Amino acid sequence: RPDPPSVAVPVGMAARILHRLRHARASEGGREERAHGGSEAEDFPESSELEDDTEGLSTRLSGTLSFTSHEEEEDEEEEDGAGEALGELPQPTGATAGAEDGGRCWGRCAAPRGSSTLGGTQAMWGPTAERPGSSLLTRQLQELWRKSRGSLAPQRLLFEVTSASVVSERSSKYVLYTIYLIRSGRFDKAPAAIARRYSDFERLNRRLRCRFGCDMAGVAFPRKRLRRNFTAETIAKRSRAFEQFLSHLHSIAEIRRSPEFLEFFFLQDLRAAQRLTCTGMYREALATWANAYRLQDRLGVCSSGRFLLTLAGLAVCHQELDELGEAHGCCEQALQLLEAQGSHPLLGPFLQAHIHLAWKVGKDKRRSEARLQDLREAGPPLQQQPTLKECLIKEPLE
């Protein structure tokens, strides 16, 4: 007798999700023991070595990763991917290459029109290709989902490579990976994304190993290759390895707070936004400042000097584009962060900008005027201080 109609679920994906749910429950006790042992317990990884999760490689090859390439022959040597191995991850062989971790990105990153999807194939399962037992797996997943909805899951930061494109320049050819920073358990209206190549990851790995030798001993890094750097399968495996690499680094408290790790994400955006602002390209600069803002917000560094500089960039660009309400809001947020600080190089410029903008948009400016008066009495004349725009342009970003 045929099964009642239901939504088809890939058996490999469902089994993978069920395995992770069981493993998460079983590992709760282990994390408690590690916490009592004196070491800081983190959500992941489960072991010191990053898993080369190739069980679902076919899923990523069938559409969960967008891949753009204009090259048919892909055996050329990659400029930043050739050399000796560094912390090689295990490679899949034969039938061991199965479905990638599809639990959180089923078809979310379909290839855009005009680009080739990795592997050149479509998804293997669908409503017209149901497998025996898929109805049971669907009901089991639905039941587990209903049970887990009432529990509060800890918020984590996920790193997902959503696309990869082959870039050819005059003297080099490389793959550019786009990585999204996603907060689990929350919906982000605007994504925070970076685009990095293999050499950027390798530089981060080298810097962290120099400073955190013991902590980095168990962190694996995808090996370099001499050939076939631009094949769809190599890019899919390397994308997964980069996700694991960043997740493992973020799970180590000392590393995720380090300047080396943080600046890997937003320093390039800050430099680009500063250059655009200096040349008067305020609309382009505004988008770059905004992405740097979101990156720092996801990484939890919203009280640093870099974040204040980002707010200054947003305020200046909004003001130059005659978006005075948004500029006023950025100044207010910066002054709230500077509330507990008696002196800061950006405090005077932010106060002056806030007073001017509050007068323009009809907001209360008395508190800022009082703070500005106190600052004037306690220090040198404010006429000698630069404006917010001058501070932004002159700030060195190294």
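Fair warning: this is a prediction, and the values are worked out from it, not measured in the lab.

Rules and cut-offs
- Residues numbered from 1 in each chain as written.
- Predicted model: local features only at pLDDT ≥ 70, side-chain atom pairs only at ≥ 80, totals over all residues.
- Heavy atoms only, no water.
- Helix = DSSP H or I, 4+ residues; strand = E, 2+ residues; numbered from the N terminus.
- Buried < 20%, exposed > 50% of the residue type's maximum accessible area, 1.4 Å probe, protein only.
- Contact = heavy atoms within 4.5 Å.
- Areas by Shrake-Rupley, 256 points an atom, 1.4 Å probe, with all protein chains shown as cover.
- Axes fitted to C-alpha atoms, helices over the stretch in contact; angles between N-to-C directions.
- Left-handed = near helix turned anticlockwise from the far one by under 90°.
- Nonpolar A, V, L, I, M, F, W, Y, C, P; charged D, E, K, R; others polar.
- Salt bridge = Lys/Arg side-chain N within 4 Å of Asp/Glu carboxyl O.
- Core = buried A, V, L, I, M, F, W, Y, C linked by side-chain atoms within 4.5 Å.
- Pairing = 2+ DSSP bridges.
- Phe/Tyr/Trp six-rings, centres within 6.5 Å; stacked < 30°, edge-to-face > 60°.
- Parallel < 35°, antiparallel > 145°, perpendicular 65-115°, else oblique.
- Bend = angle between axes of the 7 residues up to and from the residue.
- pLDDT = per-residue confidence, 0-100.
- Polar contact = N/O pair within 3.5 Å; in protein donor to acceptor, adjacent residues only side chain to side chain.

K.L.:
Is there a simple way to think about the overall build of the protein in this case?
P.N.:
The helix and strand tally for the protein stands at 13 helices and six strands. Here the protein holds 398 residues, and the buried ones make up 45% of them. Looking at the protein alone, contacts between residues at least 24 apart form 73% of all its contacts between residues at least 6 apart. Working note: accessible area of the protein is about 21,600 Å², and carbon and sulfur atoms make up 50% of it.

K.L.:
It is not clear to me how the packing of helix H10 (residues 324-337) against helix H11 (residues 347-361) should be interpreted in this structure. Could you clarify?
P.N.:
The description of two packed helices rests on the angle between their axes and on the distance between the axes. Following both chains from N to C, one finds H10 and H11 inclined at 140°, their axes separated by 9 Å at the closest point. As for how H10 packs across H11, the hand of that crossing is left-handed. On H11, the residues touching Leu-324, Gly-325, Ala-327, His-328, Cys-331, Glu-332, Ala-334 and Leu-335 of H10 are Leu-347, Phe-350, Leu-351, Ala-353, His-354, Leu-357, Ala-358, Lys-360 and Val-361. Broken down by class, the residue content of the contact of H10 with H11 amounts to 12 nonpolar, three polar and two charged.

K.L.:
Just checking my understanding: could you explain the side chain of Gln-274 for this structure?
P.N.:
In this fold, Gln-274 is placed in helix H7 (residues 259-278). Not counting the four nearest positions on each side in its chain, Gln-274 is found in contact with Trp-289, Leu-392, Ile-393, Glu-395 and Leu-397.

K.L.:
I keep staring at the pattern of salt bridges and nothing clicks. Help me out?
P.N.:
Once their charged atoms are close, side chains differing in charge can pair, the charge on each being opposite to the other. Under the defined criterion, the tally for this structure stands at 14 salt bridges. Its salt-bridge partner being Glu-233, residue Lys-237 comes within 3.2 Å of it at the nearest N-O pair. Highlighted residues: Lys-237 and Glu-233, both in helix H5 (residues 232-250), separated by four residues, approximately one helical turn. For the salt bridge of Glu-339 with Arg-367, the shortest nitrogen-to-oxygen distance reads 2.3 Å. Of this pair, Glu-339 sits in the loop between H10 and H11 while Arg-367 sits in helix H12 (residues 366-378); the two residues are 28 residues apart in sequence, bridging distant segments of the chain. Exposure remark for Glu-339: the relative accessible area of 39% places this residue in the partly exposed category.

K.L.:
Just to check I follow, could you spell out the nonpolar core for this structure?
P.N.:
For soluble globular proteins, the rule of thumb is that nonpolar side chains tend to be buried together. Phe-245, Leu-246, Leu-249, Phe-265, Leu-299 and Phe-350 are the most contacted members of the largest nonpolar core, which has 71 residues in total. Counting residues per element, this core draws most heavily on helix H9 (residues 305-320), which supplies nine residues. Each residue touching Phe-350, except ones within four places of it in the same chain, is listed here: Leu-308, Leu-311, Ala-312, Cys-331, Ala-334, Leu-335, Leu-338 and Leu-388.

K.L.:
How do you make sense of the pairing of strand E4 (residues 157-168) when you look at a structure like this?
P.N.:
Strand residues, when the strand is regular, have side chains that alternate between the two faces of the sheet. Here E4 pairs with strand E5 (residues 173-183) via 11 bridges, running antiparallel. Counterpart to Ser-165 in the pairing with E5 is Leu-176. Once E4 ends, the chain turns through four residues before running back antiparallel as E5.

K.L.:
What am I meant to see in the packing of aromatic side chains here?
P.N.:
By convention here, two paired aromatic rings are described through the distance between centres and the angle between planes. Overall, the coordinates contain 11 aromatic pairs when judged by the stated rule. On the basis of an interplanar angle of 5° and a centroid distance of 3.9 Å, the ring pair of Phe-201 and Phe-242 is categorised as stacked. One end of the pair, Phe-201, is in helix H4 (residues 198-211); the other, Phe-242, is in helix H5, and 41 residues separate them in sequence. Grouping residues by exposure puts Phe-201 and Phe-242 together as buried.

K.L.:
Looking at this structure, I do not really get the packing of H4 against H7. What am I missing?
P.N.:
Two numbers describe how H4 lies on H7: the axes approach to 9 Å, and their chain directions differ by 155°. Taken together, the axes of H4 and H7 are roughly antiparallel relative to one another. Here the hand of the crossing between H4 and H7 comes out right-handed. Contacts between H4 and H7 involve Asp-200, Phe-201, Leu-204, Arg-207, Leu-208 and Arg-211 from the former and Pro-259, Glu-260, Phe-261, Phe-264 and Gln-268 from the latter.

K.L.:
It is not clear to me how unusual backbone geometry should be interpreted in this structure. Could you clarify?
P.N.:
Apart from glycine, the bulk of residues carry a negative phi angle, and the bulk of peptide bonds sit in the trans form. You will see that Asp-322, though not glycine, has its phi angle at about 65°, which is positive. With respect to the helices, strands and loops of the structure, Asp-322 is situated in the loop between H9 and H10. For Asp-322, a relative accessible area of 60% gives the class exposed.

K.L.:
Looking at this structure, how should I read H7?
P.N.:
Since the α-helix advances by 3.6 residues per turn, residues separated by three or four positions end up pointing in the same direction. If you look at H7, its biggest bend is around 50°, right at Phe-265. With 14 of 20 residues buried, H7 is to be regarded as a mostly interior element. One or two residues past the end of H7 sits Gly-280, with phi positive at roughly 80°.

K.L.:
How should I be thinking about the confidence of the model for the protein in this particular structure?
P.N.:
Low-pLDDT stretches of the model should not have their predicted coordinates read in fine detail. Taken as a whole, the protein shows an average pLDDT of 74; of its residues, 59% reach a score of 70 or greater. Within the model, the stretch residues 72-78 combines pLDDT values under 50 with 23 contacts to residues more than four positions away or in other chains. A low-confidence stretch, residues 83-132 stays under pLDDT 50, and its non-local contacts, those more than four residues away or across chains, total 116 contacts.

K.L.:
Would you take a moment to explain the environment of Gly-305 for this structure?
P.N.:
Structurally, Gly-305 can be placed in helix H9. By relative accessible area, Gly-305 is classed as partly exposed at 46%. Along the primary structure Gly-305 and Leu-346 are separated by 41 residues, whereas in three dimensions their C-alpha atoms are 9.4 Å apart.

K.L.:
What's the story with the environment of Lys-394 in this structure? I'm lost.
P.N.:
Checked against the element boundaries, Lys-394 lands in helix H13 (residues 388-394). Its relative accessible area of 64% is what places Lys-394 among the exposed residues. The spacing of Lys-394 and Cys-278 is 116 residues in sequence and 9.5 Å in space, taken between C-alpha atoms.

K.L.:
Help me understand the environment of Glu-263, please; the structure alone is not making it clear to me.
P.N.:
Looking at the element boundaries, Glu-263 is found in helix H7. In sequence terms Glu-263 and Glu-398 are 135 residues apart; their C-alpha atoms lie 9.9 Å from each other. Among residues more than four places away in sequence, those in contact with Glu-263 are Gln-268, Arg-306 and Glu-398. Among the polar contacts made by the side chain of Glu-263, one reaches the side chain of Arg-306 at a distance of 3.2 Å.

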